[in-house]
Amino acid sequence: MKPRPVSNPPNPWDTTAVEYLEEIPPTKLEVHEDHSREVLGRNDSPDVGFSWSVNPYRGCLHACAYCYARPYHEYLGFGAGTDFETKLVVKPRAAELLREAFERKSWKGETVAFSGITDCYQPLEASLRLTRACLEVCAEYRNPVGIITKGPLIERDLDVLQTLAAHARLTVCITLPFHDAQVAHAMEPSVASPRRRLLTIERLARAGIDVGVAVSPIIPGLNDEDLVRVLTAAREAGATRAFSTLLRLPGPVQAVFEQRLREKLPLRAERVLHRIRETRGGELNDSRFQVRMRGEGLYAETIHRLFSTTARRLGLKTSMPLEETDVGPSPFRRPMKAGTQLSFF
């Protein structure tokens with residue numbers, strides 16, 4: 001990871017703020033352990049198609065400028081800028097806690113999403129394997145799973161995914177908002193290239209996994225022009241479904257996004273910000289339910305029509321990610337009987 005100067009918007013939950021008067025120190029990677037007693041998170045948002053999620057990690061090395069999850073890092077006492085990208089929190093007992101949750105009589109085998117506020121296949125997973133351990137628990141209990149990720153590392157776990165697909169229900173969405181590799185690198189600097197993510201879609205589809213593409217977020221004036229090419233390339237790679245959401249910039253994400261945009265794409269910055277405001281009633285963000293994921297106005301509706309028309313022409317199913325109708329409650333609750341052969345290798 002290339003060091004960058006520390007840069008965080010002020011944290012409203014802290015009583016003090018740091019302002020460097022001389023040279024700003026470089027970032028450094030820190031890994032902190034979270035010993036919470038629960039690992040399942042409950043989602044009550046009407047805009048999201050799942051109720052339960054597992055986040056083995058908090059913060060993300062992918063460093064996407066637009067990530068809506070950045071504000072959650074402030075609740076941990078960190079910043080939403082470079083802290084989100086370099087001060088990562090891990091849950092070493094995630095799989096154990098998930099097993100305990102599945103054993104409760106109250107658990108009804110509902111879909112578990114990986115993940116709500118991080119990428120479960122960010123680079124740290126290569127060595128810690130927390131996501132894999134949780135997926136193995138889901139496979140053992142035959143509990144339905146939905147995964148959204150940008151990480152080609154998911155290919156490592158094809159054996160577990162195939163078991164889930166065979167004995168439970170599984171949906172995977174690969175996030176691919178950009179077709180232009182240079183623009184992608186500017187906005188999501190530590191993520192695999194668009195071409196590499198298309199290869200992941202192809203390999204998952206070839207392995208018999210129900211895989212879709214998440215063209216998300218669509219950033220007005222920046223990657224809406226990529227929409228048709230992304231959907232077409234994903235369909236050719238084997239995707240069967242697609243969904244999209246409009247860029248939203250809650251709290252400190254606005255400052256992080258605008259700073260990155262002006263630094264990396266200065267000639268396009270004003271146009272992009274103007275287009276965003278066109279979809280948000282003159283503001284850069286609108287936090288209202290039912291509106292925050294879609295936007296409003298002619299420009300927003302044009303984007304949605306282009307998406308739906310292209311998806312329909314390509315034969316892609318469209319729905320919110322991980323809807324219960326796609327990967328709903330499992331008829332099973334108890335783990336497989338001793339001696340049942342799982343196809344991990």
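Thresholds, definitions, all that
- Residues numbered from 1 in each chain as written.
- Predicted model: local features only at pLDDT ≥ 70, side-chain atom pairs only at ≥ 80, totals over all residues.
- Heavy atoms only, no water.
- Helix = DSSP H or I, 4+ residues; strand = E, 2+ residues; numbered from the N terminus.
- Buried < 20%, exposed > 50% of the residue type's maximum accessible area, 1.4 Å probe, protein only.
- Contact = heavy atoms within 4.5 Å.
- Areas by Shrake-Rupley, 256 points an atom, 1.4 Å probe, with all protein chains shown as cover.
- Pairing = 2+ DSSP bridges.
- Axes fitted to C-alpha atoms, helices over the stretch in contact; angles between N-to-C directions.
- Salt bridge = Lys/Arg side-chain N within 4 Å of Asp/Glu carboxyl O.
- Core = buried A, V, L, I, M, F, W, Y, C linked by side-chain atoms within 4.5 Å.
- Patch = residues over 30% accessible without salt bridge, like charges linked within 9 Å, V, L, I, M, F, W, Y side chains within 5 Å.

1. Topic: the overall build of the protein chain
For step 1, the next point in the chain: Looking only at helices and strands, the protein chain has 12 helices and 11 strands in total.
For step 2, the next point in the chain: Buried positions account for 54% of the 345 residues belonging to the protein chain.
For step 3, the next point in the chain: Counting contacts in the protein chain only where the partners sit at least 6 residues apart, residues at least 24 apart contribute 79% of the total.
For step 4, the next point in the chain: For the protein chain, the accessible surface area stands at approximately 16,000 Å², while carbon and sulfur atoms represent 53% of it.

2. Some thoughts on the sheet that holds strand β9 (residues 211-218)
Paired through backbone hydrogen bonds, the strands of a sheet run either parallel or antiparallel to each other.
For step 1, the next point in the chain: Read across the sheet, eight strands follow the order β2-β3-β6-β7-β8-β9-β10-β11 without closing on themselves; strand pairing throughout is mixed. Either end of the sheet is taken by a strand with one partner, and the two such strands are β2 (40-42) and β11 (317-318).
For step 2, the next point in the chain: By the bridge criterion, three bridges tie strand β6 (residues 112-114) to strand β7 (residues 145-149) in an arrangement that is parallel. Looking at the pairing, V112 lines up with V145 of β7.
For step 3, the next point in the chain: Contacts between helix α5 (residues 130-140) and the sheet are confined to β3 (52-54), β6 and β7, with β6 contributing the most and set at about 160° to the helix.

3. Considerations on the pattern of salt bridges
For step 1, the next point in the chain: Counting across every chain of the model gives 26 salt bridges.
For step 2, the next point in the chain: For E258, the salt bridge identified is with R262, shortest N-O distance 3.1 Å. Placement of the pair is E258 and R262 together in helix α10 (residues 253-264), with a separation of four residues, close to one helical turn.
For step 3, the next point in the chain: A salt bridge links R294 to E301; its shortest N-O distance comes to 3.4 Å.
For step 4, the next point in the chain: It is possible to trace a salt-bridge network through shared partners that takes in E125, R132, E136, R156, D157 and D159.

4. Quick notes on the nonpolar core
For step 1, the next point in the chain: The biggest cluster of nonpolar side chains holds 55 residues, and the ones touching the most others in it are F114 and I147.
For step 2, the next point in the chain: With 27 residues, the next largest nonpolar core counts C64, A184, V191 and L273 among its residues.

5. Section: a nonpolar patch on the surface
For step 1, the next point in the chain: The grouping of Y68, Y72 and Y75 at the surface amounts to a nonpolar patch, some 320 Å² of accessible area in total.
For step 2, the next point in the chain: Along the chain, the position of Y75 falls in the loop between α1 (70-74) and α2 (82-86).

6. What to know about unusual backbone geometry
For step 1, the next point in the chain: Cis geometry is adopted by the peptide bond preceding S115, which originates at F114 and carries an omega value of -5°.
For step 2, the next point in the chain: Counting through the fold element by element, S115 comes out in the loop between β6 and α4 (125-128).
For step 3, the next point in the chain: P217 follows S216 through a cis peptide bond whose omega is 0°.
For step 4, the next point in the chain: Position of P217 relative to the elements: it lies in strand β9.
For step 5, the next point in the chain: Phi angles above zero are rare outside glycine, and R129 is one such case at about 60°.
For step 6, the next point in the chain: Taking the relative accessible area as the measure of exposure, R129 reaches 40% and is therefore partly exposed.

Geometry only, nothing functional implied.
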